[in-house]
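Fold and contact review
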Amino acid sequence: MPVSKLVGTKVKRREDPRLVQGLSHYVDDLRMADVMHAAILRSPHAHARINGINTDAARALSGVVTVLTGADIGDSVGSVPCAAANPTLRTPPHPVLAQDEVRYVGEPVAVAVAGDSYTARDALDLIEVDYEPLPAVSDLEKALQPGSPLVHSQWDSNQAFTFECGTGDMDKARAEADVIVKQKFIHQRLAPIPVETRGVVARYFPGEDELTVWSSTQIPHLLRAMLALMLNFPEHRIRIIAPEVGGGFGCKLNVYREEGLLAHLAMKLKGTVKWIEGRRENMQATIHGRGQVGTVEAAVKKDGTILGVTYDSLLDTGAYHQLLTPGMPPLTGLMISGSYKIPTLKFTSTGGFTNKVATDAYRGAGRPEATLVIERTLDLIARELDMDPVELRRKNFAQPSDFPLQVATGLAYDSGNYQAALDRALEMVGYQDLRAEQQRLREQGRYLGIGFSTYVEICAMGPSAALPAGGWESGTVRMDFTGKATVLTGVSPHGQGEETTFAQIVSDDLGVPIEDVAVLHGDTAVVPNGIGTFGSRGISVGGTAVYMATQQVREKAEAIAANVLECSTDDLEFEDGKFTVKGVPDKGITIQEVALQAHVATKLPAGMEPGLQATSVFEPSNFTFPFGTHICVVEVDTQSGEIEIKKYVAVDDCGKVINPMIVDGQVQGGIAQGLGQALLEEVVYDEDGQLVTGSLMDYAVARAEDLPQLEFDRTETPSPVNPMGVKGVGEAGTIGSTPSIVNAVVDALAPFGVKHIDLPLKPEKIWRLCQGGNK
Amino acid sequence: MIPAAFDYIVPDSLEAAAASLAEAGDNGKVMAGGHSLLPMMKLRLAQPGVVIDLKRLDSLRRIQVDGGTLRIGALVTHHQVETSSEVKDNCALLARVAGSIGDPQVRNRGTIGGSVVHGDPAADWPAALLAMGAELTLTSSGGARSMAAGDFFLGPLTTAIEASEILTGLSVAVPAAGTRAAYRKVKQKASGFAIVGIAVCLQADGDTCTDVGIGVTGLAGTPFRATAVEDQLRGKALTADNITAAAAGVADGVDALDDIHASGEFRAHLARLNTARAIQDALGG
């Protein structure tokens, strides 16, 4: 019975049975004896001085173990780390509990620990904090104006950093241009909303002097290193376990105050302490995404040739830097060229402190901003020149022969064929008929719009030189006595399906059934080293490491087989999990028998170490650049302002596909979040810094009923950066989708003179734009 | 998301429930499905000392048609209303409104009585109950009384129920044959509540409107019956122009709610637009 080749096929996700049956173990599902529960008191003020905290009544409550404030902790726990490197960066102290001032609503002020979670919560109501409210600034642009209230009074302004990239002479581009297009963009703050909120259980073993922390994180190994630094405790005596993680979307690519605080409490109390974030806490105290404002300027020839683009932007950092807060603008700036050949590009960013929770990576992380800007800009230019947006895109597209493509932002795109994806999407949507239909409906007072996004994004993060804490990934493949294979991966999957895709790779290349391959992850005591899951790097960096380790295992198995069969490795064939001697088909040995021999270790080639395992650490030589075309067709009800998506076509190219079903799922989920950004989602703070969208009763995430029928196809342009030719797909749907929806709505409202709308496209905004009447 | 401590009572009879409530006074809160009360308790916005759970009072779970009157017990879930053949056959509007509430989980657990007595100004039920002229039954240890839906809603989360009373059920007159009805709702996308909800119940002789009831939710702090619009339609031909003209008055004199989801101006516009559209829906369906 031949072992089927699994790579490229729709293998059902092996994770799903336990997930859909509720048999997984998230942090809150862990059951341990003698657990103490922590509850955190958070600031109700956007900015206030803490004149005093009285915890007497809380401490006196029966069942309370301890109550700690920032003053109690002092400097025994270090600052929450920011890993982004930028010489202009101002990094404020970021204590686990507020010391003298609070700077955003939701900032941790005190922690109560009790024998049960109810008592811990009751204790919070008994803590008296004497706050002296201070002037707060919520609006990013106001925060950067002279005279603004200062978030951190040790500096003379709220400027957090500056960053710029790009090349070329924009003055020359302007001089040569026939048309200049300018537009301001507001990228609203978004809340990542993983279904599982954050949660931490920390356990200290006094006898062993060891600390184990279970945390809902995307980066267990990085968290271990950072906690070692924060706690001044040896890294090798810390174990981090990321159990089942219920979604991250970037917000768990971080190190949070609560992780340091819970670890500190466990060590101080010499026991086990648990904290599970509530949804309201999640809205207040887990990072937000986006939060950028900027103005684009494009210099264009009459024939549509884009000579240059500048994008000057501001980033709303919030009050403190999280792990990668200042690292978001570079991802915007580097990708501002999109899929177009633009000789002159200039990007600037200034970070501004505000009295709000920090922004950081949220699905797409800087690239959705770049894509929205460049894809909207293309439509603005097309409108200005009265040119079809498809024609304009074709005119400026990089050609397949241009790759590797040197872009004016400094990147080299690995591979691409933008025309092919566009052609396929146009064919699927029936573009020419649609334009005729649009014209016909307009005459009836109905408003159809067609929107394009011919996006490119940057994945496979990344070369270590481009990341603050290493961009490599580890993979270990091991076969044991009985011929079962175990894979250890550092990527710590949390929904991406690598227990399936990595097993597909190993199953194919070692010729073992997929049932015999276990993929282990998310535990620093099990997986020797790793970086984590983010930046669509799972398959392209982590998967490549596993692929390379698999080849090494196979080579060793081949050497053992040759020794057992008393032939040269050159005389061996390997198929369906069996080594046979060429021309002597009944003389062979299965890989399982080889695994046994590797451990029995009596028939090994001279000098070979026993066992059958290999570890590879893959360092990518470049990023990968997936791309595609999304086309959205909408009809807008100009009386109610409602937008109906009539058709949605997505042709994505993420290089070689390991599992088409998982790729479809990633694109689908990505589009759901991109659609949320386009139509529904917006974190709102009032001007005093109060969080208005503090719950899911006011913050609208996309639900099943909001999603249209999605039509998918793919083109496949392999990446030359890694041996499997994979690129990554975790964020493509989010990055690619938003601009197509906005462009469609703006196109629909062209008869009303509408050229641009900021997100989200709420009905009231649409209705107001139509009030001026059909122009 | 952990409530403050409270005592929990599960009475076996309505009498016992009323007695417990009388004893608890202002400190007591009655629970039906718990879909409004428990979230408020978890946020500690409500901290009742005593929660009286009606879940054992099976007599409040009935739907019955009784000589031209449809009676629905307070513990009937939204899902039961949505799928009940008695409701669909006798008062389809209520089934339609029930189906527009929340999501399946909410409809499976939330009750009509609990929702109505909570008095959320953007809930769906008030629009339908006002349009239909429903009567509510309020029971205390002193006995039961009946109150028109139009007298019940007083303001945001405020109703005419006394602290000692339990809403035990509601009734509507089964509409005459040929009555047309519709519900139009503009959903607040996060909560699923109505930014504006318009329920219309309409009778016509030929194309002349002989009677009409219009209930409006979401627009103001108190759901209300659009009597001015009704008056303008009664006896009139149901032409598009007449409908639009009548609907244009739905927000007149109303202090429209204004929040991040919709300004007062937009809510008023949506109320006018959807009043006209709901009437058209009723005529079409």
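Each chain carries its own residue numbering, running from 1 in the written order of its sequence. Written order determines the labels here, with chains lettered from A and ligands numbered from 1. For this predicted model, a pLDDT threshold of at least 70 governs which residues receive local features, and a threshold of 80 or more governs which side-chain atom pairs are given and counted, while totals over whole chains, interfaces and linings are taken from all residues.

Bringing the overall build of chain A into the picture now. Secondary structure elements are defined from DSSP: runs of H or I of at least 4 residues count as helices, runs of E of at least 2 residues count as strands, and each element is numbered from the N terminus. Across its full length, chain A carries 20 helices and 28 strands. Judged by the C-alpha coordinates and their principal axes, chain A covers about 85 × 75 × 45 Å. Within chain A, the proportion of its 775 residues that are buried is 56%. A residue pair is marked as a contact if its C-beta atoms, positioned from the backbone, fall within 7 Å. Expressed as a percentage of contacts within chain A between residues at least 6 apart in sequence, the contacts between residues at least 24 apart total 81%. Three classes are used. A residue is buried when 20 or more other C-beta atoms lie within 10 Å of its own, exposed when 12 or fewer do, and partly exposed in between, with C-beta atoms placed from the backbone.

What follows covers the overall build of chain B. When helices and strands are counted, chain B shows 12 helices and 14 strands. Based on C-alpha atoms, the radius of gyration is set beside the globule rule, defined as 2.2 Å times the residue count to the power 0.38. Against the globule reference of 19 Å for 285 residues, chain B gives a C-alpha radius of gyration of 19 Å, in line with a compact fold. In terms of overall dimensions, chain B has C-alpha extents of about 60 × 45 × 30 Å along its principal axes. For chain B, buried positions account for 49% of its 285 residues. Looking at chain B alone, contacts between residues at least 24 apart form 63% of all its contacts between residues at least 6 apart.

The subject of this paragraph is the nonpolar core. The nonpolar core criterion groups buried Ala, Val, Leu, Ile, Met, Phe, Trp, Tyr and Cys residues into a set whenever they are joined through C-beta atoms within 7 Å. In this structure, A112(A), V745(A), A128(B) and V200(B) are the most contacted members of the largest nonpolar core, which totals 320 residues. For this core, the element with the highest residue contribution is helix α16 (residues 538-564) of chain A, accounting for 11 residues.

Here we take up the interface of chain B and chain A. At the junction of the two partners, chain B supplies 13 residues and chain A supplies 18 residues. Gly falls in the polar group here, along with every residue not listed as nonpolar (Ala, Val, Leu, Ile, Met, Phe, Trp, Tyr, Cys, Pro) or charged (Asp, Glu, Lys, Arg). Along the lines of polarity and charge, the residues of the side of chain B that touches chain A split into 9 nonpolar, 3 polar and 1 charged.

What follows covers the confidence of the model for chain B. Every residue is assigned a pLDDT by the predictor, reflecting its confidence on a scale from 0 to 100. When the pLDDT values of chain B are averaged, the result is 97; 100% of them are 70 or greater. This prediction of the complex comes with two scores: 0.97 for pTM and 0.96 for ipTM.

Before going further, it helps to examine unusual backbone geometry. Glycine aside, the phi torsion of most residues is negative, and most peptide linkages are trans. Residues and elements named next belong to chain A. F403 connects to P404 through a cis peptide bond whose omega is -5°. Relative to the assigned elements, P404 resides in the loop between α12 (389-396) and β16 (405-406). Here the amide bond leading from M461 into G462 is cis, since omega sits at -15°, within 30 degrees of zero. The topology assignment puts G462 in the loop between β18 (447-456) and β19 (473-479). Positive phi, normally seen in glycine, also occurs at D209, with a value near 55°. With a phi angle near 55°, D386 is a residue other than glycine that sits in the positive phi range. Within the secondary structure, D386 sits in the loop between α11 (367-385) and α12.

Residue and element names in this part refer to chain B. What counts as a domain boundary in this text is fixed by an automatic or database domain assignment. Under the domain assignment, chain B is made up of domain 1 (7-53), domain 2 (61-173) and domain 3 (180-284). Taken residue by residue, the interface counts 25 residues in domain 2 and 24 residues in domain 3. Secondary-structure elements contributing two or more residues to the side of domain 2 that touches domain 3 are α5 (92-99), α8 (125-132) and β8 (153-155). Among the residues making up the side of domain 2 that touches domain 3, the classes are represented as 16 nonpolar, 5 polar and 4 charged.

A word on the sheet that holds β18(A). Residue and element names in this part refer to chain A. By the convention used here, strands pair only if DSSP detects at least 2 bridges between them. The sheet built from 4 strands is open, its strands ordered β18-β26-β27-β28 with mixed pairing. Since the sheet does not close on itself, it has two edges, and those belong to β18 and β28 (710-714), each with one partner. Along the sheet, successive strands turn relative to each other by an average axial angle of 15°, direction set aside. Lines are fitted to the C-alpha atoms to define the axes, a helix being fitted only along its stretch in contact, and any angle between axes, read from their N-to-C directions, falls within 0 to 180 degrees. Strand contacts of helix α13 (residues 418-429): β18, β26 (627-636), β27 (643-653) and β28, with the helix running at about 30° to β26, the strand carrying the most contacts. Here helix α14 (residues 431-443) sits on the sheet and contacts β18 and β26; the angle it forms with β18, its principal contact strand, is near 145°.

Moving on to helix α7 (residues 220-231) of chain A. Helix length check: α7(A) (12 residues) gives 16 Å between terminal C-alpha atoms against 16 Å at 1.5 Å per residue, within 8%. Of the surrounding secondary structure, the elements contacted by the buried residues of α7(A) are β10 (210-215), β11 (238-241) and α8 (257-269) of chain A. What a helix is expected to span follows from its residue count: subtract one and scale by 1.5 Å.

This paragraph deals with the environment of L38(B). Tracing the chain through its elements places L38(B) in helix α2 (residues 37-42). Looking at L38(B), the number of C-beta atoms within 10 Å reads 14, which means it is partly exposed.

Residues and elements named next belong to chain A. What the 4 strands build is an open sheet, ordered β21-β20-β19-β25; its pairing is mixed. Each edge of the sheet is formed by a strand with only one pairing partner; in this case those strands are β21 (517-520) and β25 (612-618). Here the strands of the sheet are splayed against their neighbours by 15° on average, with no regard to which way each runs.

Residues and elements named next belong to chain A. Domain annotation of chain A identifies domain 1 (16-22 + 472-618), domain 2 (32-134 + 195-247 + 252-285) and domain 3 (289-461 + 622-770). The centre of domain 1, based on its C-alpha atoms, is set 39 Å off from the matching centre of domain 3. Facing the 17 residues of domain 1 at the interface are 17 residues of domain 3. Secondary-structure elements contributing two or more residues to the side of domain 1 that touches domain 3 are α15 (498-510) and α16. Per-element accounting of the side of domain 1 that touches domain 3 gives the leading share, 7 residues, to α16. For the side of domain 1 that touches domain 3, a count of residues per class yields 5 nonpolar, 11 polar and 1 charged.

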